[in-house]
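Coordinate inspection notes
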Amino acid sequence: MNTPLLTEIEHFLAETGRSEAQFCRAIGNGRLFERLRATGKRGKPGRVWPETEAQVRGFMISERKGKAA
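Residues numbered from 1 in each chain as written. Predicted model: local features only at pLDDT ≥ 70, side-chain atom pairs only at ≥ 80, totals over all residues. Heavy atoms only, no water.

1. As for the packing of helix α2 (residues 20–27) against helix α4 (residues 50–68)
Applied cut-off: Helix axes are fitted to C-alpha atoms over the stretch in contact, other axes to C-alpha atoms as well, and angles between N-to-C directions run from 0 to 180 degrees. Put simply, DSSP H or I for four residues or longer makes a helix, DSSP E for two residues or longer makes a strand, and each gets a number counted from the N terminus. Any angle that is under 35 degrees is reported as roughly parallel, and any over 145 degrees as roughly antiparallel; angles of 65 to 115 degrees are reported as roughly perpendicular and all others as oblique. The contact rule is simple, with two residues in contact once any of their heavy atoms fall within 4.5 Å. Three residue categories are used. Nonpolar comprises Ala, Val, Leu, Ile, Met, Phe, Trp, Tyr, Cys and Pro, charged comprises Asp, Glu, Lys and Arg, and polar comprises the others, including Gly.
In the contact formed by α2 and α4, the axes pass within 11 Å of each other and the chain directions differ by 105°. With respect to α4, the axis of α2 lies roughly perpendicular. Taking contact as the criterion, the partners of Phe23, Ala26 and Ile27 in α2 are, on α4, Gln55, Val56, Phe59 and Met60. When grouped by side-chain class, the residues that make up the contact of α2 with α4 number six nonpolar, one polar and no charged.

Below you can see the structure in the form of structure tokens.
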């Protein structure tokens, strides 16, 4: 199951040519993809804390800005 955050990350990885492992190391969260792809109760995606989501989005924004500069 794809969540909006997982879809955004996959697009980012395609843009940058990074692997999932490189992305996880860069943000310091080795289980991020596991959690995003997990299916919990009633088929809902696994839980990702709002702080983690903000960190991931912030990282992608800063990487895109750095690449554009």
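2. Considering the pattern of salt bridges
Which entries qualify depends on this criterion: Any carboxyl oxygen of Asp or Glu within 4 Å of a side-chain nitrogen of Lys or Arg constitutes a salt bridge here.
All told, the structure shown has seven salt bridges when counted by the stated rule. One salt bridge in this structure joins glutamate 8 and arginine 57, with 2.5 Å as the shortest N-O distance. Linking glutamate 8 in helix α1 (residues 4–16) with arginine 57 in helix α4, this pair joins segments that are 49 residues apart in sequence. The partner of arginine 64 in a salt bridge is glutamate 15, and the shortest N-O contact between them spans 3.0 Å. With arginine 64 in helix α4 and glutamate 15 in helix α1, this pair connects stretches of sequence that are 49 residues apart. Salt bridges here are not isolated pairs; linked through shared partners, they connect Glu8, Glu53 and Arg57.

3. Some remarks on α2
Which entries qualify depends on this criterion: When a residue's accessible area, from a 1.4 Å probe over protein chains only, is under 20% of the maximum for its type it is buried; when over 50% it is exposed; and in between it is partly exposed. Arc definition: directions from the helix axis to the C-beta atoms.
Within α2, the full set of buried residues consists of Phe23, Cys24 and Ile27. What you see down the axis of α2 is that its buried residues fit within an arc of 95°, all on one side. As for α2, its buried residues are in contact with α1, α3 (32–37) and α4.

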